[in-house]
Amino acid sequence: MDWTAARERLAAPIFAPLAPAFARLPADRWPTNQELTSLAEGVKTARGKPLRFVRPRERNERERRYYEQHIADTGEVETRPDNWHDLFNALTWATYPRAKARINAQHVAILEEGGEAEARRRSPERDALTLFDEGGVIVASASAALLRLMVDFEWKELFWTRRAELLEKVRFLVFGHGCFEQALEPYLGMVAKTVFVPVSEYFLMSPPEAQLADADELVASHFASRARFGSPKSMAPMPVLGVPGWHFDLQDEAFYNDDRHFRSKPKEAK
């Protein structure tokens, strides 16, 4: 999808977390890496390196395995021109700087502990970090009962029957840059990994940019403890297009009866 064709799609609710960043970019063309670097002014890695988006360089296989370490040590994030995946990664850094830096720092800590063996094959912890970084959604909720419905795969109850309560007490914020890319051309079956963060009524009444800043802090705090991301199974899956307003088609009762998208909980997991 080219830049012009995407502009209308990018105004959809699923892209709301990136709206402040998009508002600072050229409306009629792809941003340059220099413009993306300016957008992330003040953002630093956990090792204090200012973030910079740079053209990819030729790397050998070993260097590719240490991608996260290179970011931490230099602040350089290799970013291909006119590439949606890399653009969304840059915008996510600008939107969630603390959480992205914490995830990067945890990758590096695990890499340094595990050495070449960890670089060759990611541990379950780094698998979890990667899956959330690529395809994660933040679920900020003032209701434990609604979170339980997610864990139990009670999708129709969550998204349809209790929709009014859901809209009042829960905020869904896309985090993963791969999830943003998929949302340009969405399909039934899109699934995200979720991180639940408890929030107060004050959070829910705050303006969107304040919610983003708070969510960034909460997710950074979540990933401070490895006990919270022992493996991908530590994060509940969620059918992305079930969130009210996130599908580009009709979300009626029949839609939530479609088991192609809203699957039941696996029997072995009950």
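This text goes with the structure placed above it.
(A) A look at the environment of Ile-71. Of note, Ile-71 is situated in helix H5 (residues 67-74). In this structure, the C-alpha to C-alpha distance between Ile-71 and Lys-44, residues 27 residues apart in sequence, is 9.9 Å.

(B) Region of the structure containing the sheet that holds strand E5 (residues 191-198). Reading across the sheet, the 4 strands line up as E4-E3-E5-E6 and stay open at both edges, with mixed pairing between neighbours. The sheet terminates laterally at strand E4 (170-174) and strand E6 (237-239), the two strands that pair on one side only. Strand-to-strand twist in this sheet, taken as the mean axis angle between neighbours without regard to direction, amounts to 40°. Judged from the 6 bridges that link them, strand E3 (residues 136-141) and E5 form a sheet pairing that is parallel. Residue pairing for E5: Val-137 is matched across the bridge by Thr-194. Sitting on the sheet, helix H8 (residues 124-135) touches E3 and E5, and the angle it makes with E3 is about 85°.

(C) Spatial organisation of the nonpolar core. By size, the foremost hydrophobic cluster in this structure holds 54 residues, and its most contacted members are Phe-88, Leu-91, Phe-159 and Phe-172. Contacts of Phe-172, omitting those with residues within four sequence positions, involve Val-137, Ile-138, Val-139, Met-150, Phe-159, Leu-166, Met-238, Val-243 and Trp-246.

(D) Seen up close, the environment of Ile-110. Within the element layout of this structure, Ile-110 appears in helix H7 (residues 97-120). The class of Ile-110 is buried, set by a relative accessible area of 8%. Taking the C-alpha atoms as reference, Ile-110 lies 29 Å from Met-190; in sequence the two are 80 residues apart. Excluding residues that lie within four positions of it along the chain, Ile-110 makes contacts with Glu-118, Ser-123, Glu-125, Arg-126, Leu-129, Arg-226 and Phe-229.

(E) How the structure looks around the packing of aromatic side chains. Inspection of the entire model under this criterion finds 22 aromatic pairs. Chaining the aromatic ring pairs together yields one cluster made of Phe-153, Trp-155, Phe-159, Trp-160, Phe-172, Trp-246, Phe-255, Tyr-256 and Phe-262. Seen from the ring of Phe-248, Arg-9 lies directly overhead, with NZ or CZ sitting 4.3 Å from the centre.

(F) Structural view of the pairing of E5. Across 3 bridges, the pairing between E5 and E6 is antiparallel. If you follow Lys-193 over to E6, its bridge partner there is Pro-237.

(G) Representation of helix H9 (residues 144-151) in the model. All of the buried residues in H9 are Leu-146, Leu-147, Leu-149 and Met-150. When H9 is viewed along its axis, its buried side chains cluster within an angular range of 150° and face the same direction. Check the buried side of H9 and you find it contacts E3, helix H10 (155-161), helix H11 (163-169), E4, E5 and E6. Once H9 ends, the next one or two residues include Phe-153, with phi positive near 60°.

Analysis parameters
Residues numbered from 1 in each chain as written. Predicted model: local features only at pLDDT ≥ 70, side-chain atom pairs only at ≥ 80, totals over all residues. Heavy atoms only, no water. Helix = DSSP H or I, 4+ residues; strand = E, 2+ residues; numbered from the N terminus. Pairing = 2+ DSSP bridges. Axes fitted to C-alpha atoms, helices over the stretch in contact; angles between N-to-C directions. Contact = heavy atoms within 4.5 Å. Core = buried A, V, L, I, M, F, W, Y, C linked by side-chain atoms within 4.5 Å. Buried < 20%, exposed > 50% of the residue type's maximum accessible area, 1.4 Å probe, protein only. Phe/Tyr/Trp six-rings, centres within 6.5 Å; stacked < 30°, edge-to-face > 60°. Lys NZ or Arg CZ within 6 Å of the ring centre and 35° of its normal. Arc of directions from axis to C-beta.

No statement about biological role is implied by the geometric values presented.
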